[in-house]
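# Notes for the structure review
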Amino acid sequence: MTETTIRDATPADIPALHRLIESAYRGEASRAGWTTEADLLDGQRTDPEDLADILADPKQALLTAWRGGSLVGSVLIADRGEGTGYFGMLSVSPTLQAGGLGRRLVEAAHRTLADRFNARRVRISVFPQRETLIAWYERLGYRLTGDTLPFPYGDLRFGLPRRDDLYFLVMERALD
């Protein structure tokens, strides 16, 4: 098996990142994995301009996972201040999901948030309709906080909602 290398994304990675993230979340290709949002949203998950903005922001980064010369996973990390980190947009190539790469990316996100941003806890946001994903995060030590966040209806950069009851549950865990 080819070794997986995890490193920070660079601007040169943006086209591959965009393809990976879209394939993990949207459209028919995403249905090959278990993390699809295709039943909740159409349209895009992100765009190259958003990815460039993330890379230009010193309080954010995208970690990428590579096998050989192929991008197979990524995760957004961010410093939210006061010892709180955030990660999101966890993406694994749909045909490689359920093989442990997502867990490795989450562990890398935790380490990097602690090392780079001095985070002592990390927050994530998940659609309540994604019960299997919520259960997976609970197995990784995350707990529901009771907080919710609104879905940005009307902002096409986040996709085209297929339903009118979208919002996010906030989950959190302490970092070691």
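Scroll up to find the structure.
What you see is a predicted model; the values in this text were computed from it and never measured.

Read across the open sheet, the 7 strands follow the order β1-β3-β4-β5-β6-β9-β7; overall the sheet is mixed. Unpaired on one side and paired on the other, β1 (4–8) and β7 (143–150) mark the two borders of the sheet. Each adjacent strand pair in this sheet contributes to an overall mean axis angle of 30 degrees, direction not counted. By the bridge criterion, 5 bridges tie β1 to strand β3 (residues 60–67) in an arrangement that is antiparallel. Bridge pairing links Thr 4 to Arg 67 in β3. The strands that helix α3 (residues 48–56) touches are β3, β4 (70–81) and β5 (84–92); relative to β3, the one it contacts most, it runs at about 110 degrees.

Another point: the packing of aromatic side chains. As enumerated under the stated definition, the model contains 8 aromatic pairs in all. Ring geometry for Phe 127 versus Phe 151: centroids 6.0 Å apart, planes at 40 degrees, classification tilted. Of this pair, Phe 127 sits in the loop between β6 (121–126) and α5 (131–139) while Phe 151 sits in the loop between β7 and β8 (160–161); the two residues are 24 residues apart in sequence, bridging distant segments of the chain. On the accessibility criterion, Phe 127 (4% relative accessible area) is buried. A ring pair is formed by Phe 151 and Tyr 153, whose centres lie 5.0 Å apart and whose planes are at 75 degrees; its orientation type is edge-to-face. The class for Phe 151 is buried, based on a relative accessible area of 8%. Chaining the aromatic ring pairs together yields one cluster made of Phe 87, Trp 136, Tyr 137 and Tyr 142. A cation over an aromatic ring shows up here: Arg 45 above the ring of Tyr 25, its NZ or CZ 4.8 Å from the ring centre. The lysine or arginine in question, Arg 80, covers the ring of Tyr 86, its NZ or CZ lying 4.5 Å from the ring centre.

Moving on, we get to the nonpolar core. Counting 29 residues, the largest nonpolar core has Ile 77, Phe 87, Leu 90, Tyr 137 and Tyr 142 as its most contacted members. At the level of secondary structure, the elements contributing two or more residues to this core comprise β3, β4, β5, α4 (101–117), β6, α5 and β9 (167–174). With 7 residues, the single largest contributor to this core is α4. Counting residues in hydrophobic clusters, the runner-up holds 17 residues, among them Leu 17, Tyr 25, Leu 62 and Tyr 86.

What follows covers the side chain of Arg 173. The topology assignment puts Arg 173 in strand β9. For Arg 173, the side chain forms a polar contact with the main-chain oxygen of Leu 140, separated by 2.8 Å.

Phi at Met 89 takes a positive value of approximately 55 degrees, unusual for a residue other than glycine. If you trace the backbone, Met 89 turns up in strand β5. Given a relative accessible area of 7%, Met 89 falls into the buried group. The phi angle at Asn 118 is positive, at roughly 55 degrees, despite the residue not being glycine.

All chains considered together, the criterion is met by 14 salt bridges. For the salt bridge of Lys 59 with Asp 79, the shortest nitrogen-to-oxygen distance reads 3.6 Å. On the criterion of sequence distance, the pair formed by Lys 59 in the loop between α3 and β3 and Asp 79 in strand β4 is long-range, its members being 20 residues apart. For Lys 59, a relative accessible area of 46% puts it in the partly exposed group. One salt bridge in this structure joins Glu 172 and Arg 121, with 3.9 Å as the shortest N-O distance. Note that Glu 172 is positioned in strand β9 and Arg 121 in strand β6, a separation of 51 residues in sequence.

Parameters and conventions
Residues numbered from 1 in each chain as written. Predicted model: local features only at pLDDT ≥ 70, side-chain atom pairs only at ≥ 80, totals over all residues. Heavy atoms only, no water. Pairing = 2+ DSSP bridges. Helix = DSSP H or I, 4+ residues; strand = E, 2+ residues; numbered from the N terminus. Axes fitted to C-alpha atoms, helices over the stretch in contact; angles between N-to-C directions. Contact = heavy atoms within 4.5 Å. Phe/Tyr/Trp six-rings, centres within 6.5 Å; stacked < 30°, edge-to-face > 60°. Buried < 20%, exposed > 50% of the residue type's maximum accessible area, 1.4 Å probe, protein only. Lys NZ or Arg CZ within 6 Å of the ring centre and 35° of its normal. Core = buried A, V, L, I, M, F, W, Y, C linked by side-chain atoms within 4.5 Å. Polar contact = N/O pair within 3.5 Å; in protein donor to acceptor, adjacent residues only side chain to side chain. Salt bridge = Lys/Arg side-chain N within 4 Å of Asp/Glu carboxyl O.

Geometric values such as these leave the question of function open.
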